[in-house]
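# Structural features, examined
Spelled out from the first residue to the last, the chains are:
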Amino acid sequence: MSMASKSRDLPRVTFQAPEKPGEESSHKKLGKLTVKYNRKDLQRWLDLEEWIDAQLQELYPYQLQEEADAATPEPEIDIEDLVEVSNEEQKSKLQEILHECSRPTEDFIMELLSRLQGLRKIPQRK
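Here the structure is a predicted model, which is why all the values come from computation and not from measurement. (Residues numbered from 1 in each chain as written. Predicted model: local features only at pLDDT ≥ 70, side-chain atom pairs only at ≥ 80, totals over all residues. Heavy atoms only, no water.)

## Remarks on the nonpolar core
Defined as follows: The definition of a nonpolar core used throughout is a set of buried Ala, Val, Leu, Ile, Met, Phe, Trp, Tyr and Cys residues joined through side-chain atoms within 4.5 Å. Buried residues are those whose accessible area, probed at 1.4 Å on protein chains only, stays under 20% of the maximum for their type, while exposed residues exceed 50% and partly exposed ones sit between those limits. Where helices and strands are cited, they refer to DSSP runs of H or I of at least four residues and of E of at least two residues respectively, numbered from the N terminus. Any two residues whose heavy atoms approach within 4.5 Å are treated as being in contact.
Residues Leu48, Ile52, Ile77, Phe108 and Leu112 are the most contacted members of the largest nonpolar core, which totals 19 residues. Broken down by secondary-structure element, the contributors of at least two residues to this core are helix H2 (39–59), helix H4 (79–83) and helix H6 (106–116). Tallying contributions element by element places H2 first for this core, with 6 residues. Setting aside anything within four residues of it in sequence, one finds Phe108 in contact with Trp51, Ile52, Gln55, Leu59, Ile77 and Leu98.

Written out as structure tokens, the structure reads:
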């Protein structure tokens, strides 16, 4: 099977342009929407999310289980929110999120701040 026939078989997202008054309906124009992401950037986000999850499990080894039993949510770190603010605001937000942790969090916060530098925001589909 050739590449051309493979691409024709793939599902596509299409939308109809608004119809103008006086234009015949048989002349409707269809547009094509293609969303491409930089694979390297997506992999960096995924790697960072996995690292954060592993670190939170180390910081909250027993608390997470107890919280799950008590229906209290585990700490959530939203990378997207952090990327949008300054370094000082990132540090402040992380300290606020982790304030109930019984273990030292400073090393985790400093490492996360370091990993956030240069991380590009991933465009959202609209």
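Now that the structure is up, let's keep going.
## As for H2
Along an α-helix, a turn takes 3.6 residues, which lines up residues three or four apart on a common side. In plain terms, the rule: In this scheme, a helix's expected span is set at 1.5 Å multiplied by one less than its residue total. Read the arc as the range of directions from the helix axis to the C-beta atoms.
Spanning 21 residues, H2 covers 30 Å between terminal C-alpha atoms, matching the ideal 30 Å at 1.5 Å per step. Taken as a whole, H2 has its buried residues at Asp41, Trp45, Leu48, Trp51, Ile52, Leu56 and Leu59. With its buried residues spanning 135 degrees around the axis, H2 presents them on a single face. Exposed residues lying more than 90 degrees from the buried face of H2 are Arg39, Lys40 and Gln57.

## Section: a negative patch on the surface
The condition is simple: Patch membership is restricted to residues that have no salt bridge and whose relative accessible area is over 30%. Joining uses 9 Å for like charges and 5 Å for the nonpolar side chains Val, Leu, Ile, Met, Phe, Trp and Tyr. A 1.4 Å probe and the Shrake-Rupley method give the accessible areas. Residues count as covered only by the protein chains that appear here. Basic side-chain nitrogens of Lys or Arg form a salt bridge, by our definition, when they fall within 4 Å of a carboxyl oxygen of Asp or Glu. For the charge count, each Lys or Arg is scored as positive and each Asp or Glu as negative, with His and the chain ends excluded. Positions of charges follow a simple convention, taking NZ of Lys, CZ of Arg, CG of Asp or CD of Glu.
A contiguous patch of negative charge, built from Asp47, Glu49, Glu50, Asp53, Glu76, Asp78 and Asp81, is present on the exposed surface. Ranked by residues supplied to the negative patch, first place goes to H2 with 4 residues. If you trace the backbone, Glu76 turns up in the loop between helix H3 (63–70) and H4. Owing to a relative accessible area of 65%, Glu76 belongs among the exposed residues under this scheme.

## Points about the side chain of Gln90
Tracing the backbone through its elements, the reader meets Gln90 in helix H5 (residues 87–97). Judged by relative accessible area, which is 6%, Gln90 ranks as buried.

## Notes on the packing of H5 against H6
Here is the rule we go by: Only C-alpha atoms enter the line fits that serve as axes; for helices the fit covers just the stretch in contact. Angles between N-to-C directions range over 0 to 180 degrees. Should the near helix be turned anticlockwise from the far one by less than a right angle, the crossing is left-handed, and should it be turned clockwise, the crossing is right-handed. Residues are sorted three ways: Asp, Glu, Lys and Arg are charged, Ala, Val, Leu, Ile, Met, Phe, Trp, Tyr, Cys and Pro are nonpolar, and all the rest, Gly among them, are polar.
Running from N to C, H5 and H6 point in directions that differ by 140 degrees, and their axes come no closer than 10 Å. Two packed elements cross with a definite hand, and for H5 against H6 that hand is right-handed. Here H5 contributes Asn87, Gln90, Lys91, Leu94 and Gln95 to the contact with H6, which in turn contributes Glu106, Ile109, Met110, Leu112, Leu113 and Leu116. Looking at the contact of H5 with H6 residue by residue, the classes come out as 6 nonpolar, 3 polar and 2 charged.

## Thoughts on the pattern of salt bridges
Inspection of the entire model under this criterion finds 2 salt bridges. Measuring nitrogen to oxygen at the nearest pair gives 3.7 Å for the salt bridge that ties Lys91 to Glu106. Of this pair, Lys91 sits in helix H5 while Glu106 sits in helix H6, and the two are 15 residues apart along the sequence. For Lys91, a relative accessible area of 23% gives the class partly exposed. Between Arg115 and Glu111 there is a salt bridge, with its nearest N and O atoms 2.8 Å apart. Residue Arg115 and its partner Glu111 are both found in helix H6; the two are separated by 4 residues, about one turn of the helix.

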